[in-house]
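Residue strings, one per chain:
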Amino acid sequence: NNIHAAFHLYGNREIELLMPSGRVRHHNGGIVGQGAIEFVTNFQTDYFLMGIGAISSDGLLLDYDYEEAMLMNRMIKNAREVILVTDGSKFQNSAIAQVGHLKDISCLVTDRKPPGEMCELMNENNISLIIPSD
């Protein structure tokens, strides 16, 4: 749901590119709105690779934009595996719109170990943690 990602994929003739309709957010190229939500509702994916605005200490996945949060929530529900890629600053951030919960993801890729309560929650829900080395 991003025009920047679509631009890069469009050049590959081996990829059939489908895009949702909706409002394009100027600051990041994201496509959001009811049309985008209805579009993604029709697809089951093997993997959903996502970013996030914040992760609360009790595991809530949060974003700053309500429409983006609703779209990501639908994408989580339609994916067999959800991979969250985020930097450690998101462990201290807060945001207003609930996307889902940490237990909804399969894997967290980040640059540092999450705080203790998040690690416990991840262990309880068999969530993989990947911290790539430099």
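All values derive from a computational prediction rather than experimental measurement.

(A) Quick peek at the layout of surface pockets. Size it by volume and the largest pocket reaches roughly 870 Å³. If you trace the largest pocket, you find 30 residues lining it, with Asn 1, Asn 2, Val 40, Phe 48 and Met 75 closest to the centre. Among the elements of the structure, α1 (3-10), α2 (34-41), β3 (45-50) and α3 (66-77) are those that each provide at least two residues to the lining of the largest pocket. The leading source of residues in the lining of the largest pocket is β3, at 5 residues. Taken together, the residues that form the lining of the largest pocket break down as 18 nonpolar, 7 polar and 5 charged.

(B) Highlighting the packing of aromatic side chains. Taken as a whole and assessed by the stated rule, the structure comprises 1 aromatic pair. Between Phe 39 and Phe 43, the ring centres sit 5.1 Å apart and the planes meet at 45°, which makes this aromatic pair tilted. Using a relative accessible area of 24% as the deciding quantity, one classes Phe 39 as partly exposed.

(C) Main features of the nonpolar core. Among the nonpolar cores identified, the biggest contains 27 residues, and Met 50 and Leu 102 are the most heavily contacted of them. Broken down by secondary-structure element, the contributors of at least two residues to this core are α2, β3, α3, β6 (79-85), β7 (97-101) and α4 (116-124). No other element matches α3, which puts 5 residues into this core. Residues in contact with Met 50, not counting those within four places in the same chain, are Met 72, Ile 76, Val 82, Ile 83, Leu 84, Val 85 and Val 99.

(D) View of the confidence of the model for the protein chain. Residue-level pLDDT values for the protein chain average 93, and 99% of them are 70 or greater. Ranking the elements of the protein chain by mean pLDDT puts α1 last, at 90, and strand β8 (residues 107-109) first, at 98.

(E) The arrangement of the sheet that holds β7 in detail. Taken in spatial order, the 3 strands of this open sheet run β4-β5-β7, and their pairing is antiparallel. Of all strands in the sheet, those bounded by a partner on one side alone are β4 (54-55) and β7. Packed on one face of the sheet, α3 meets β5 (60-63) and β7 and runs near 15° to β7.

(F) Fine view of a nonpolar patch on the surface. A contiguous nonpolar patch, built from Ile 3, Leu 9, Tyr 10, Ile 15, Leu 17, Met 19 and Val 24 and spanning about 590 Å² of accessible area, is present on the exposed surface. Per-element accounting of the nonpolar patch gives the leading share, 3 residues, to α1. Tracing the backbone through its elements, the reader meets Leu 17 in the loop between α1 and β1 (23-24). Its relative accessible area of 31% is what places Leu 17 among the partly exposed residues.

(G) Fine view of the pattern of salt bridges. According to the stated counting rule, one finds 4 salt bridges in the structure shown. Residue Arg 23 is joined to Glu 67 by a salt bridge in which the shortest nitrogen-to-oxygen separation is 2.1 Å. One end of the pair, Arg 23, is in strand β1; the other, Glu 67, is in helix α3, and 44 residues separate them in sequence. Here Arg 23 falls in the partly exposed class, since its relative accessible area comes to 42%. The class for Glu 67 is partly exposed, based on a relative accessible area of 29%. In this structure, Arg 25 and Glu 68 form a salt bridge, with 2.9 Å as the shortest nitrogen-oxygen distance. Of the two residues, Arg 25 sits in the loop between β1 and β2 (31-32) while Glu 68 sits in helix α3, which places them 43 residues apart along the sequence. Judged by relative accessible area, which is 11%, Glu 68 ranks as buried.

Definitions and limits used
Counting restarts for each chain: residues are numbered from 1 in the order of the written sequence. Local features in a predicted model are, by the rule used here, given only for residues with pLDDT of at least 70; side-chain atom pairs are given and counted only at 80 or more, and totals for whole chains, interfaces and linings are based on all residues. Only hydrogens and water are set aside; all other atoms, that is, all heavy atoms of the structure, feed into the side-chain values. Residues are said to line a cavity or pocket when one of their atoms sits within 4 Å of a point; the points come from a 1 Å grid over protein atoms alone, cavities being sets where a 1.4 Å probe fits but cannot get out and pockets being open sets with protein on both sides within 12 Å along at least five of seven lines. Grid points are joined across faces, edges and corners, and a volume is the space filled by probe spheres set on the points. Strands are runs of DSSP state E lasting at least 2 residues, helices are runs of H or I lasting at least 4, and numbering of each runs from the N terminus. In this classification, Asp, Glu, Lys and Arg are treated as charged, Ala, Val, Leu, Ile, Met, Phe, Trp, Tyr, Cys and Pro as nonpolar, and every other residue, Gly included, as polar. Working definition: a ring pair exists when centres of Phe, Tyr or Trp rings (six-membered ring for Trp) sit within 6.5 Å. Plane angles under 30 degrees give stacked, over 60 give edge-to-face, the rest tilted. For every residue, the accessible area (1.4 Å probe, protein chains only) is compared with the maximum for its type, and the residue is labelled buried under 20%, exposed over 50%, or partly exposed between those bounds. The nonpolar core is taken to be a set of buried Ala, Val, Leu, Ile, Met, Phe, Trp, Tyr and Cys residues, with the residues joined through side-chain atoms within 4.5 Å. Any two residues whose heavy atoms approach within 4.5 Å are treated as being in contact. pLDDT measures the predictor's confidence residue by residue and takes values from 0 up to 100. Here a strand pair is declared whenever DSSP counts at least two bridges between the two strands. Axis definition: a line fitted to C-alpha atoms, over the contacting stretch in the case of helices. Angles run 0 to 180 degrees between N-to-C directions. Note on patches: the residues involved have over 30% relative accessible area and no salt bridge, like charges join within 9 Å, and the nonpolar side chains Val, Leu, Ile, Met, Phe, Trp and Tyr join within 5 Å. Each accessible area value is a Shrake-Rupley result obtained with a 1.4 Å probe; residue values ignore everything except the protein chains displayed when judging cover. Salt bridges are identified by distance alone: a Lys or Arg side-chain nitrogen within 4 Å of an Asp or Glu carboxyl oxygen.

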